[in-house]
Amino acid sequence: MEMVECSLVATLAPRSLPGRVRKALPRPAVLGGRARARLRVRSAGLGREQPPPPQQAAVRASGPDHRGRALGQAAVGLAAAAVVSLTGFSGDVSPLPTPPARAESLTVAFPVSKAREVNRVQRTLVETWGLIRETFVDPTFNHQDWDQKLQQTMVEIFPLKSADAAYSKISGMLSTLGDPFTRIISPTEYQSFRIGSDGNVQGVGVFINKEPSSGRLLVMDCIQGGPADRAGIHEGDELVEIDGKSVSGLDGEAAAQRLRGRVGTTVKVKLLDGTDSKRGGSLRQKEVQLSREIINLSPVSTAIISHRSDDGHECKTGYVRLASFSQTAAAEMENAVKRMEDVGVQSYILDLRNNPGGLVKAGLDVAQIWLDGDETLVNTIDRDGNVLPINMIQGHSLTHDPLVVLVNEGSASASEILAGALHDNGRAILVGHRTFGKGKIQSVTELDDGSALFITVAKYLSPALHEIDQVGIQPDIQCSPDILSLPRAPSLRENSEATNLEMDSCIMVAEQALEIEQTKGSAS
């Protein structure tokens, strides 16, 4: 029998937000950063020794500060044939020097699978368990014995023959935490996840989002001239299958990962034609083969809405739609606002509908385009209940013209942070629907086998300390569901004509709100 000793070191380096944002977050909550967990393995042949007695199959904890938690007795009767030793570090990220990190050593005994690929996933399981234990936002782990859960999952993985089956057991363990955003993805999925945050995607040029009320995956828009656009896929189409596999149960990001891939490869999709539902007819299925290409994403699209005031003067409203929060979002938003200021725009509509989020840092950078001073952009609350603000430092907005922000149930994560920052600081009026309610701070750790672990380590509160997670941002002015759904969102065409926007009743409501604000003067 072989004895395997594994030493885990999880390193989460401080990484400050650039620009005018000052951050003080728990170390695992580094925004935009990736942590790398390193696993070192030493093996030694032990001949045909008998397994150690049951009492040795235990989990032990100790720390230099003598505050290590008693983890309790492991599963009695476990045929232990390997020992894993973990050393974890915890501390705070702040602009000030970081205090020395505390280390905790854990020893875990577990049976080694004879299948090499399963054995590797066993080690990934221990990495995952240790990181959750030290950083997950809920210190009760959804009111369960997290140490017992490790032993249970290890026993379930032991007889398996494939890595996929073993990964599913880790996913099952994480699902018991009651947080769908704390999850593990395979090495292949992680590489796909990393594609796109720089503004370039190898895919088919389609925006997909999950409709909260029905769970359907709907096409929000297509990139003009992209593969999906050329194939006749339209806004409102429902995605049913990808390469012959049902998308039931997937969220928008998971479906997008399936659609992405190497340039030149193809993917087959089956959809229900959304135009038929608008006409009131039965839904028609369509199946198309799409070729993957490099898609240059521009998350910002603009238009100028002109109208005459009561005294006959021409008034211009700048419409800016932000489709996602990529690395280029803030720079493109800044350029768009500057161009519209140059042509005499007097008010703005910022459309965040169906924007599922992206890089939180990009959302904070966009907020600074509209805000002055040392305003609080968002607050964080960690597992111990500590509330920490993220503030601007001597911010200078590009414009003080009145602003309305459009939101709906498809606005999530960074969209909600931005909407909350602009609303609670008195800068904008919110129009639309209550937002999705995803206000979690996550760390992303690349594990030793190339997979990645997403952990919710804290939650966001708006500047006025309103809950975001599972609550959402409530608009000042509601738009009725039937009005909001036709159309769901204006076209993404660059510099689209205002005629496309006149059909949107929520934009009409926004214009009325802006007129009222203009009579009061500046909204800032």
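Please read all numbers here as calculations on a predicted model, not as lab measurements.

Draft legend 1. Region of interest: the nonpolar core. M333, L350 and W370 are the most contacted members of the largest nonpolar core, which has 70 residues in total. Counting the residues that make up this core, at least three belong to each of domain 1 (113–179) and domain 3 (300–522). Once residues lying within four places of it in the same chain are set aside, the contact partners of M333 are V300, V320, L322, L350, V366, I369 and W370. Membership of the second largest hydrophobic core comes to 18 residues, among which are V204, I208, V219 and V247.

Draft legend 2. The arrangement of the sheet that holds strand 24 (residues 429–432) in detail. Spatially, the 6 strands line up as an open sheet ordered 18-19-20-23-24-27, and their pairing is mixed. In this open sheet, the two strands that pair with only one neighbour each are strand 18 (300–308) and strand 27 (477–478). By the bridge criterion, 2 bridges tie strand 24 to strand 27 in an arrangement that is parallel. Directly across from V431, in strand 27, lies its bridge partner I477.

Draft legend 3. Here's a closer look at the packing of aromatic side chains. For the structure shown, the criterion picks out 2 aromatic pairs. Seen from their ring centres, F141 and W146 are 5.6 Å apart, and the 15° between their planes marks the pair as stacked. Per residue, the accessibility class of F141 equals that of W146, and both read buried. Judged by centre distance (5.3 Å) and plane angle (75°), the ring pair of Y348 and W370 falls under edge-to-face. Of this pair, Y348 sits in strand 20 (residues 347–351) while W370 sits in helix 9 (residues 360–370), placing them 22 residues apart in sequence. Like Y348, the residue W370 is buried in the burial classification. It is R183 that lies over the ring of F454; its NZ or CZ is 4.1 Å from the centre.

Conventions adopted
- Residues numbered from 1 in each chain as written.
- Predicted model: local features only at pLDDT ≥ 70, side-chain atom pairs only at ≥ 80, totals over all residues.
- Heavy atoms only, no water.
- Core = buried A, V, L, I, M, F, W, Y, C linked by side-chain atoms within 4.5 Å.
- Buried < 20%, exposed > 50% of the residue type's maximum accessible area, 1.4 Å probe, protein only.
- Domains from an automatic or database assignment.
- Contact = heavy atoms within 4.5 Å.
- Pairing = 2+ DSSP bridges.
- Helix = DSSP H or I, 4+ residues; strand = E, 2+ residues; numbered from the N terminus.
- Phe/Tyr/Trp six-rings, centres within 6.5 Å; stacked < 30°, edge-to-face > 60°.
- Lys NZ or Arg CZ within 6 Å of the ring centre and 35° of its normal.

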